[in-house]
Amino acid sequence: MDKFVNLWIYLSATPLFGLTATLVTYVVAQGAYARLGQAPWANPVLWTVLVLVALLALTGTPYPVYFSGAQFIHFLLGPAVVALGWPLWQRRAELRRQARALLVAALTGGAVASGSAVAMGWALGLTPELLRSLAPKSVTAPVAMGIAEQLGGIPALAAVFAVLTGMVGALSAKYLFDAMRISEPEVRGFALGTASHGIGAARALQVHPEAGAYAGLALGMQVLLATLLMTSLGHLP
């Protein structure tokens, strides 16, 4: 027991704490996810977040202390997103044939995802600052933060909205697609990447390679379209 206490004291005082806690929690959550047949509600990202939040709250660990170690994983998000381009390169001929349809689908899906969220927020009486933070909720979190800042929103809150959107999509997409009898992996993947960005794309990759490829494409298209179109607006009504 003394060795465990000493180890905890050592880890909590160094950047290794955030890194170790994240890796161990995710590995355990991923193992449980595999044992449960990859059930959407057992999503390892969701449970890793919940466990880490509870751990930080129970131990009184400030978030900056945790992030001093977790930033090493955060850095790997960039290469991970770039790696999504490989499945697209393998399907480049097919994507060229469908370029116009994919662009229309991305524009329509992004507009509906953002517009419906802002409309609901406006109907509920949210402040303009909150609406500007909510607008980029279907874009991956780092980009959503930058867009929200340009629009005059709250970047940190935009990141929260983006993460929640990704989680909801990853958890509910399978049931929604089944209810609507949408079975094509390409369609499911593109829709999931459009609405739920990186977390949705990760879920799609776990289910089917075609779904993962199209989810990665949708993720990239939403980043480009949202950055160009939303920031050009300058403000929301």
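By convention here, each chain's residues receive numbers from 1 onward along its written sequence. Restriction of local features to residues with pLDDT of at least 70 applies here, the model being predicted, together with a cutoff of 80 or more for giving and counting side-chain atom pairs; totals for whole chains, interfaces and linings are based on all residues. No hydrogens and no water enter the side-chain calculation; it runs on all heavy atoms of the structure.

## Re the overall build of the protein
Point 1. When its secondary structure is counted, the protein shows 13 helices and 0 strands.
Point 2. The secondary structure listing takes helices from DSSP runs of H or I that are at least 4 residues long and strands from runs of E that are at least 2 residues long, numbered from the N terminus. The helix and strand sequence of the protein, counted from the amino end, reads α-α-α-α-α-α-α-α-α-α-α-α-α.
Point 3. Expressed as a percentage of the 237 residues in the protein, the buried residues total 38%.
Point 4. Put simply, of all contacts in the protein between residues at least 6 apart along the chain, 65% involve residues at least 24 apart.
Point 5. Here the accessible surface of atoms and residues is derived via Shrake-Rupley with a 1.4 Å probe, and residues count as covered only by protein chains that are part of the display. By element, 73% of the accessible surface of the protein is carried by carbon and sulfur atoms, the whole surface being about 13,400 Å². Summary of the burial criterion: residues with accessible area below 20% of their type's maximum are buried, those above 50% are exposed, and those between are partly exposed, where the area comes from a 1.4 Å probe applied to protein chains only. By the convention used here, residues are in contact when the closest approach between their heavy atoms is within 4.5 Å.

## A word on the side chain of Thr-48
Point 1. You can see Thr-48 is positioned in helix H3 (residues 44-59).
Point 2. Residues adjacent in sequence count toward polar contacts only when both atoms are side-chain atoms; beyond that, a polar contact is any pair of N or O atoms within 3.5 Å, and within protein one must be able to donate a hydrogen and the other to accept it. A distance of 2.6 Å separates the side chain of Thr-48 from the backbone oxygen of Pro-44, its partner in a polar contact.
Point 3. Each residue touching Thr-48, except ones within four places of it in the same chain, is listed here: Thr-22, Thr-25, Tyr-26 and Ala-29.

## Observations regarding H3
Point 1. In this model H3 runs 22 Å from its N-terminal to its C-terminal C-alpha over 16 residues, within 8% of the 22 Å that 1.5 Å per residue would give.
Point 2. One side-chain oxygen at the N-terminal end of H3 lies 2.9 Å from the backbone nitrogen of Val-45; it belongs to Asn-43.
Point 3. Gly-60 sits one or two residues past H3 and shows a positive phi near 70°. What a helix should span is 1.5 Å times the count of its residues minus one.

## Looking at the side chain of Arg-188
Point 1. Within the secondary structure, Arg-188 sits in helix H12 (residues 185-207).
Point 2. With sequence-adjacent residues up to four places away left out, Arg-188 is seen in contact with Lys-174, Phe-177, Asp-178, Ile-182 and Ser-183.

## Things to note about a nonpolar patch on the surface
Point 1. Patch membership is restricted to residues that have no salt bridge and whose relative accessible area is over 30%. Joining uses 9 Å for like charges and 5 Å for the nonpolar side chains Val, Leu, Ile, Met, Phe, Trp and Tyr. Here, a salt bridge means any side-chain nitrogen of Lys or Arg that lies within 4 Å of a carboxyl oxygen of Asp or Glu. On the surface, Leu-36, Trp-41, Trp-47, Leu-50 and Tyr-175 cluster together into a nonpolar patch covering about 540 Å² of accessible area.
Point 2. A relative accessible area of 42% means that Leu-50 is categorised as partly exposed.

## Thoughts on the nonpolar core
Point 1. Leu-84, Val-118, Leu-131, Ala-135, Val-139, Ile-147, Leu-151, Leu-219, Val-223, Ala-226 and Met-230 form the largest nonpolar core, which has 11 residues in total.
Point 2. Counting only elements with at least two residues in this core, the list comes to helix H10 (141-151) and helix H13 (209-233).
Point 3. For this core, the element with the highest residue contribution is H13, accounting for 4 residues.
Point 4. When neighbours within four sequence positions are excluded, Ala-226 is seen to be in contact with Val-139, Ile-147 and Thr-231. Buried Ala, Val, Leu, Ile, Met, Phe, Trp, Tyr and Cys residues form a nonpolar core when they are joined through side-chain atoms within 4.5 Å.

## Concerning the environment of Arg-188
Point 1. Judged by its relative accessible area of 19%, Arg-188 falls in the buried class.
Point 2. Remark: the alpha-carbon pair of Arg-188 and His-208, spanning 20 residues in sequence, is separated by 9.9 Å.
Point 3. Side-chain polar atoms of Arg-188 contact the side chain of Asp-178, separated by 3.3 Å.
Point 4. A distance of 2.8 Å separates the side chain of Arg-188 from the backbone oxygen of Ile-182, its partner in a polar contact.

## Brief notes about the packing of H10 against helix H11 (residues 155-179)
Point 1. At their nearest, the axes of H10 and H11 sit 8 Å apart, and the two run at 140° to each other. One way to sum up the angle between H10 and H11 is to call them oblique. The hand of the H10/H11 crossing is right-handed. Facing H10, whose interface residues are Ala-141, Ala-144, Met-145, Ala-148 and Glu-149, H11 presents Pro-155, Ala-158, Ala-159 and Ala-162.
Point 2. Throughout this entry, Asp, Glu, Lys and Arg are counted as charged residues, while Ala, Val, Leu, Ile, Met, Phe, Trp, Tyr, Cys and Pro are counted as nonpolar. The remaining residues, Gly among them, count as polar. Per-class residue counts for the contact of H10 with H11 are 8 nonpolar, no polar and 1 charged. For helices, the fitted line uses only the C-alpha atoms of the stretch in contact; every axis is such a line through C-alpha atoms, and the angle between N-to-C directions lies from 0 to 180 degrees. These descriptions rest on fixed angle ranges, namely under 35 degrees for roughly parallel, over 145 for roughly antiparallel, 65 to 115 for roughly perpendicular, and the rest for oblique. Crossings are classed by handedness, with left-handed meaning an anticlockwise turn of the near helix from the far one by less than a right angle and right-handed meaning a clockwise turn.

## Here's the deal with H10
Point 1. Every buried residue belonging to H10 is among Ala-141, Ala-144, Ile-147, Ala-148 and Leu-151, and all of these are buried. Down the axis of H10, the buried set is contained in an arc of 120°. They therefore lie on one face. Projecting away from the buried face of H10 at angles above 90 degrees are the exposed residues Glu-149 and Gln-150.
Point 2. Positive backbone phi, approximately 95°, marks Gly-152, located one or two places after H10. Note: the arc covers the axis-to-C-beta directions of the helix.

Purely spatial values, then, with no claim about function.
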